[in-house]
Amino acid sequence: MKEKIEQIKKDFTSELTSVDTEDSLENIRIKYFSRNGLFAQLFEDFKSLPKEEKPKFGQILNIEKQSAQQKFDEIKQKLESNSTDKAEYIDLSLPGREREIGNVHVLNQTLNEVKSIFKGLGFSIYTGPEIESDENNFEMLNFPDDHPARDMQDTYFLSESFLLRTHTSPVQVRLMKKHQPPYRAIMPGRVYRNEAISAKSYCLFHQLEGLVIDTNVTFAELKGTLVYFIKQLFGSDVKYRFRASFFPFTEPSAEVDIWWEPKGKEGKWLEILGCGMVDPNVLNNLKIDSEKYIGYAFGMGIERIAMLKYGIDDIRLFFDNDKRFLNQFK
Ligand code: DAH
């Protein structure tokens with residue numbers, strides 16, 4: 001028995017020192033510590049020892065098995081920590097990972113450009129909420145109840161008297177409710193329309209509104225301001241026209257078209273904004289003296305302008321967040 005124990009101990013130690021992979025360690029575990037392993041066999045032999053030898057060998061066996069197990073565990077731990085070291089090893093010869101730099105969305109670029117032109121003309125910026133009352137969005141702007149003019153804009157109603165604003169014109173109302181004239185302000189913002197989604201129209205888009213009210217404002221000033229704006233934005237060669245139109249809140253009203261001729265395609269007139277002299281009814285609604293004050297207003301779609309400026313033919317591209325599209329405007 002004693003020799004057998006010594007032999008196993010010797011073999012185990014020498015096998016363990018030459019171990020270098022987790023597989024070979026596993027083989028040692030099976031050979032020595034499994035249910036039919038060499039230590040189990042020793043305990044089997046122990047059973048048939050004469051009674052008086054049992055205490056002595058029992059002790060030796062337990063001590064030897066324990067110390068073998070301890071050595072085994074140490075090696076196992078070493079092997080495992082070596083392998084995690086490998087996973088964390090940094091290969092300095094690998095090429096670096098390129099960091100992508102974002103850019104301002106093309107709509108914001110366009111909006112910033114439009115804003116800066118009007119800021120240069122002394123306009124300040126005023127904003128209002130996207131959830132509006134029917135009163136601000138329609139009533140105060142001279143859209144009477146049941147008037148067909150309301151059908152010009154398909155509305156998302158939230159309740160009887162609240163809605164998602166269909167245009168930025170209610171911000172004019174807010175400005176007039178809160179402050180006394182004179183005003184010279186632009187009002188950018190997001191608006192909503194309940195329209196079928198297509199390349200030409202989307203359920204939300206952006207507008208920029210303008211309002212100037214003072215004691216001596218003229219239609220000529222409106223024209224001069226908008227012509228200056230168009231030339232700044234599209235270049236001084238741009239061909240434009242003012243065309244008579246209708247809006248409930250302006251009288252007279254006009255729309256401005258610019259001549260659009262993409263390379264290799266037939267040219268056409270495209271509407272880019274609506275404008276007019278503020279209807280005295282609107283001033284009266286808001287308790288502003290329409291004998292003393294006169295003003296003009298205008299409103300334009302930012303998507304429409306960006307589409308013209310950059311030759312984009314589908315409005316949905318602005319909202320898809322496809323990097324292949326967005327990256328073209330770095
Ligand atoms: N609110 C109009 C629309 O969404 C655009 C507009 C037209 C605004 C004429 C104005 C204006 O301020 O004077 O269709």
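Just so we're clear, the structure is a prediction, and the values are computed from it rather than from any experiment. (Residues numbered from 1 in each chain as written. Predicted model: local features only at pLDDT ≥ 70, side-chain atom pairs only at ≥ 80, totals over all residues. Heavy atoms only, no water.)

### Section: the overall build of the protein
For clarity, the cut-off: Per the convention used, a helix needs a DSSP run of H or I reaching at least four residues, while a strand needs a run of E reaching at least two, with both numbered from the N terminus. We compute the radius of gyration from the C-alpha atoms alone; for a globule the expected value is 2.2 Å times N to the 0.38, where N is the number of residues. Exposed residues in this analysis have more than 50% of their type's maximum accessible area, buried residues have under 20%, and partly exposed residues fall in between, with area computed by a 1.4 Å probe over protein chains only. Here, residues are in contact when the closest pair of their heavy atoms is within 4.5 Å. Exposure was quantified through the Shrake-Rupley algorithm and a 1.4 Å probe, taking into account, for residues, occlusion by the shown protein chains and nothing else. By the counting scheme adopted, Arg and Lys are positive, Glu and Asp are negative, and His together with the chain ends is not counted. Think of each charge as sitting on NZ of Lys, CZ of Arg, CG of Asp or CD of Glu.
When helices and strands are counted, the protein shows 12 helices and 9 strands. Over its C-alpha atoms the protein spans a radius of gyration of 41 Å, topping by over 25% the 20 Å that the globule rule assigns to 330 residues. Overall, the C-alpha framework of the protein stretches about 125 × 50 × 35 Å when taken along its three principal axes. Evaluated residue by residue, the protein yields a buried proportion of 40% over its 330 residues. Expressed as a percentage of contacts within the protein between residues at least 6 apart in sequence, the contacts between residues at least 24 apart total 66%. Summed over all atoms, the accessible surface of the protein reaches about 19,700 Å², with 49% contributed by carbon and sulfur. Of the charged side chains in the protein, 45 are positive and 51 negative, and the gap between their average positions amounts to 5 Å.

### A word on the site of the ligand
To be explicit about the condition: Proximity criterion: a residue is near a molecule or strand once any of its heavy atoms comes within 4 Å of it. By the criterion applied in these results, polar contacts are pairs of N or O atoms within 3.5 Å in which, for protein atoms, one can donate a hydrogen and the other can accept it, and in which residues neighboring in sequence qualify only through two side-chain atoms. Residues are grouped as follows: Ala, Val, Leu, Ile, Met, Phe, Trp, Tyr, Cys and Pro are nonpolar; Asp, Glu, Lys and Arg are charged; all remaining types, including Gly, are polar.
Taken together, 16 residues surround the ligand, and among them His167, Ser169, Arg193, Gln207 and Glu209 come closest. Within the contact set of the ligand, an oxygen atom lies 3.2 Å away from a side-chain nitrogen or oxygen of glutamine 172. A distance of 3.1 Å is found between an oxygen atom of the ligand and a backbone nitrogen or oxygen belonging to alanine 297. Burial of the ligand by the surrounding chains reaches 91%, relative to a free accessible area of 360 Å². If you list the elements that add at least two residues to the shell around the ligand, you get helix 7 (169-178), strand 5 (204-214), strand 8 (268-278) and strand 9 (294-301). For the shell around the ligand, the class distribution of residues is 5 nonpolar, 9 polar and 2 charged.

### So, empty space enclosed by the protein
As a reminder, the rule being used: Buriedness of a pocket was judged along seven lines, with at least five required to meet protein on both sides within 12 Å; pockets are open sets of points on a 1 Å grid over the protein atoms alone, cavities are sets where a 1.4 Å probe fits but cannot get out, and lining residues have an atom within 4 Å of a point. Grid points are joined across faces, edges and corners, and a volume is the space filled by probe spheres set on the points.
Taken as a whole and assessed by the stated rule, the structure comprises 1 cavity of 30 Å³ or more. Its volume calculated, the largest cavity comes out at about 50 Å³. Lys9, Phe12, Thr13, Glu64, Ser67, Ala68 and Lys71 are the residues that line the largest cavity. At the level of secondary structure, the elements contributing two or more residues to the lining of the largest cavity comprise helix 1 (2-17) and helix 4 (54-87). When the residues that make up the lining of the largest cavity are grouped by side-chain class, the tally is 2 nonpolar, 2 polar and 3 charged.

### Let's talk about helix 8 (residues 219-234)
For clarity, the cut-off: A helix's residues, less one, multiplied by 1.5 Å, set its expected span.
In a regular helix each residue adds 1.5 Å, so 16 residues correspond to 22 Å; helix 8 covers 22 Å between its end C-alpha atoms and thus fits that length. Every buried residue of helix 8 is accounted for by Leu222, Thr225, Leu226, Val227, Phe229, Ile230, Leu233 and Phe234. On its buried side, helix 8 packs onto helix 5 (106-120), strand 6 (240-247), strand 7 (250-260), strand 8, strand 9 and helix 10 (302-310). One or two residues past the end of helix 8 sits glycine 235, with phi positive at roughly 100 degrees.

### Quick notes on the domain arrangement of the protein
Rules: Each domain span listed reflects an automatic or database assignment of domains.
Domain parsing of the protein yields domain 1 (2-87) and domain 2 (106-329). Averaged C-alpha coordinates put domain 1 and domain 2 at centres separated by 86 Å.

### A closer look at the nonpolar core
Condition: Here, nonpolar core means buried Ala, Val, Leu, Ile, Met, Phe, Trp, Tyr and Cys residues that are tied together by side-chain atoms lying within 4.5 Å of each other.
One finds Phe118, Leu208, Phe229, Phe234, Phe298, Met300 and Phe318 to be the most contacted residues of the largest nonpolar core, which totals 45 residues. Leave out the neighbours within four places in its chain, and phenylalanine 118 touches Phe123, Ile186, Leu208, Thr225, Phe229, Phe298 and Met300. Leu175, Ala185, Leu211 and Tyr293 belong to the second largest nonpolar core, which has 24 residues in total.

### Digging into the pattern of salt bridges
Test applied: By definition, a salt bridge exists where a carboxyl oxygen of Asp or Glu is found within 4 Å of a side-chain nitrogen of Lys or Arg.
Inspection of every chain in the model, using the stated rule, returns 15 salt bridges. Residue lysine 309 is joined to glutamate 113 by a salt bridge in which the shortest nitrogen-to-oxygen separation is 3.4 Å. Residue lysine 309 is found in helix 10, and its partner glutamate 113 is found in helix 5; the two are separated by 196 residues along the sequence. A residue is classified by how much of its surface remains accessible, and lysine 309, at 28% relative accessible area, is partly exposed. A residue is classified by how much of its surface remains accessible, and glutamate 113, at 26% relative accessible area, is partly exposed. The shortest N-O distance in the salt bridge between arginine 324 and aspartate 322 comes to 2.7 Å. Shared partners join several salt bridges into a network, and the residues in it are Arg241, Arg243, Glu255 and Asp257.

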